[in-house]
Amino acid sequence: MGPFLTGIRVIGGPLPIVIYVLAALATVLLILRAVPRGGRLRWLVTVLVAVFAGAAIGVLTCWIVGDLFNAFDVTLSFSSRAWVAAAFAGVALAIVNIARGRARRRAVAIASIVVFVLLGALGVNKDFGQYPTLASILGISSIPALPTALVDSERAGAGTATTTEVPLWQSWRAPADLPKKGIVGGITIPATVSHFAARKAVVYLPPAALVANPPALPVFIMLSGQPGTPENVFISGHLDAIADRIAAANNGLAPIVVVPDQLTAPGVNPMCVDSVIGKSATYLTVDVPRWIRANLNVQSAPAAWGIGGFSQGGTCSIQLGAGHPEIFGSILDVSGELEPKVGTPEQTIQRGFAGDAAAYARAKPLALLAAHGPYSDTVAVFAVGSLDAKYNPWVATVSTAASAAGMRATLLSSPGTGHDWYTVRYALEHGLPTIYAQMGLMRPTP
């Protein structure tokens, strides 16, 4: 069932079109009703009142849930609010028909409610770009296991370029049998030291890593948002396709990308610190790097290591990148926050820092930048959607602080996007070249 579900797209493809058509037909059927001539105006008024009342309730619900209670920690876009309003309007129209219709009309109205709810859900999902396929909605993996022949201790360190004295963009010569694309596969990264309950990680090996005598390559660790899984980086963020395109114009060169799990579950946020929620920081800075060095053919210098992430993962990337310059020489923070959090500051201090407000303050990106700066050789790329009103000032603040701390910081604005995976794709397409240059994979831009 996995491959079948993977092929059913809920963003693009025929399924959304089918739902749109069904919703339109349902609307027409529910409005058209055989009523006496004298009652037609009254029925039309009833329909209009129901539709406008339903839409108003939808808008109010978005405000209460999204703005007043901040349930999603993002500001819902106009498009998402419009989809919710449309769904509520359709449901209200169906309810009127259930109350005033006969058995057949009631059956149609009940079925229509399902269609209208799906319409709203598909619209909001399209706006965020979170779940491209039915399999991703159901949490069914569509990524195969990484071949063990490509991930083992014998292969680690077997490459020809083991130093960074001459950057790979100058020294690497691609063989004639260079693959056109890299490969993506799932792998378990043991939490030997942290005992962190991480889910399966996903690894991308670029074309240059798949040849008979591969060079030792840089490493880029990427983190999903929350809720999310490592697979989202590829399924929703299209990282492999973007990396393949850059590699195709760059003699097959790209970093090995490792996407570990920093959450343990979609609804859990360990905040990339060590706490009772889980030792996420130790997992990401000790267990994951040790496994990478032991099993993949990678370079070791900090300039060859980068970390990035989206939303909660973006916050993690600047926390860990700023806090561990001995590991990471480049950072990609996409729509990150000013601080790690699980609820209010008071709740965060209690849940994640055992009531220690000072420890919480030290874990904030601005504090980490101040404590570990000045940085001698760190590149930081920050990105945010132009329509993301809530996160824009946060990202700009951290970017300014990174520059002040000595990082070579770049701030990108993704045109016409919000707090969504479209912003991630823009950030990867326009931010990775800067990170590649830092890693010695591309000629630095003058």
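Structural notes, computed from the coordinates. (Residues numbered from 1 in each chain as written. Predicted model: local features only at pLDDT ≥ 70, side-chain atom pairs only at ≥ 80, totals over all residues. Heavy atoms only, no water.)

### Brief notes about the pattern of salt bridges
Evaluation of the coordinates by the stated rule reveals seven salt bridges. Here aspartate 67 ties to arginine 81 by a salt bridge, and the two come within 3.1 Å at their closest N and O atoms. Taken together, the residues span a long stretch of sequence, with aspartate 67 in helix α3 (residues 40–68) and arginine 81 in helix α4 (residues 78–100) at a distance of 14 residues. Note that glutamate 429 and arginine 245 form a salt bridge whose closest N and O atoms lie 3.0 Å from each other. Here glutamate 429 is found in helix α16 (residues 421–438), whereas its partner arginine 245 is found in helix α9 (residues 239–248), with 184 residues between them in sequence. Shared partners join several salt bridges into a network, and the residues in it are Asp73, Glu337, Lys341 and Lys390. (Salt bridge = Lys/Arg side-chain N within 4 Å of Asp/Glu carboxyl O. Helix = DSSP H or I, 4+ residues; strand = E, 2+ residues; numbered from the N terminus.)

### A word on the pairing of strand β9 (residues 379–385)
Each regular strand displays side chains that alternate between the two surfaces of the sheet. Counting buried positions along β9 yields seven of seven residues, so the element is predominantly enclosed. Because side chains alternate across β9, one face comprises the buried residues Val379, Val381, Ala383 and Gly385, and the other comprises Ala380, Phe382 and Val384, equally buried. Two elements, strand β8 (residues 330–334) and β9, share five bridges in a ladder whose sense is parallel. What sits directly across from isoleucine 331, in β9, is alanine 380. (Buried < 20%, exposed > 50% of the residue type's maximum accessible area, 1.4 Å probe, protein only. Pairing = 2+ DSSP bridges.)

### Looking at helix α14 (residues 365–372)
Along an α-helix, a turn takes 3.6 residues, which lines up residues three or four apart on a common side. Within the span of α14, buried status applies to Pro365, Leu368 and Leu369. For α14, the buried positions fall inside an angular range of 100° around the axis, keeping them on one side. With respect to the buried face of α14, the exposed residues turned more than 90 degrees away are Ala370 and Ala371. Buried residues in α14 make contact with α11 (312–323), α13 (357–362) and α15 (392–404). (Arc of directions from axis to C-beta. Contact = heavy atoms within 4.5 Å.)

### Topic: a nonpolar patch on the surface
Side chains of Leu15, Ile17, Val18, Val21, Leu22 and Leu25 sit close together on the surface and give an oily, nonpolar patch of about 490 Å² of accessible area. With respect to the helices and strands, the residue valine 18 is situated in helix α2 (residues 14–31). For valine 18, a relative accessible area of 43% corresponds to the partly exposed category. (Patch = residues over 30% accessible without salt bridge, like charges linked within 9 Å, V, L, I, M, F, W, Y side chains within 5 Å. Areas by Shrake-Rupley, 256 points an atom, 1.4 Å probe, with all protein chains shown as cover.)

### Side note on the sheet that holds strand β3 (residues 219–223)
Taking strand neighbours across the sheet as the criterion, the eight strands line up as β1-β2-β4-β3-β7-β8-β9-β10 in an open arrangement whose pairing is mixed. The two strands at the open ends of the sheet, each matched to only one other strand, are β1 (183–187) and β10 (408–414). For this sheet, the mean angle separating the axes of adjacent strands, direction not counted, is 15°. Across the sheet, α9 lies against β1, β2 (201–205), β3 and β4 (256–259), angled at about 15° from β2, the strand it touches most. The sheet strands contacting α11 are β3, β7 (305–310), β8 and β9, and the helix crosses β7 at an angle near 150°. (Axes fitted to C-alpha atoms, helices over the stretch in contact; angles between N-to-C directions.)

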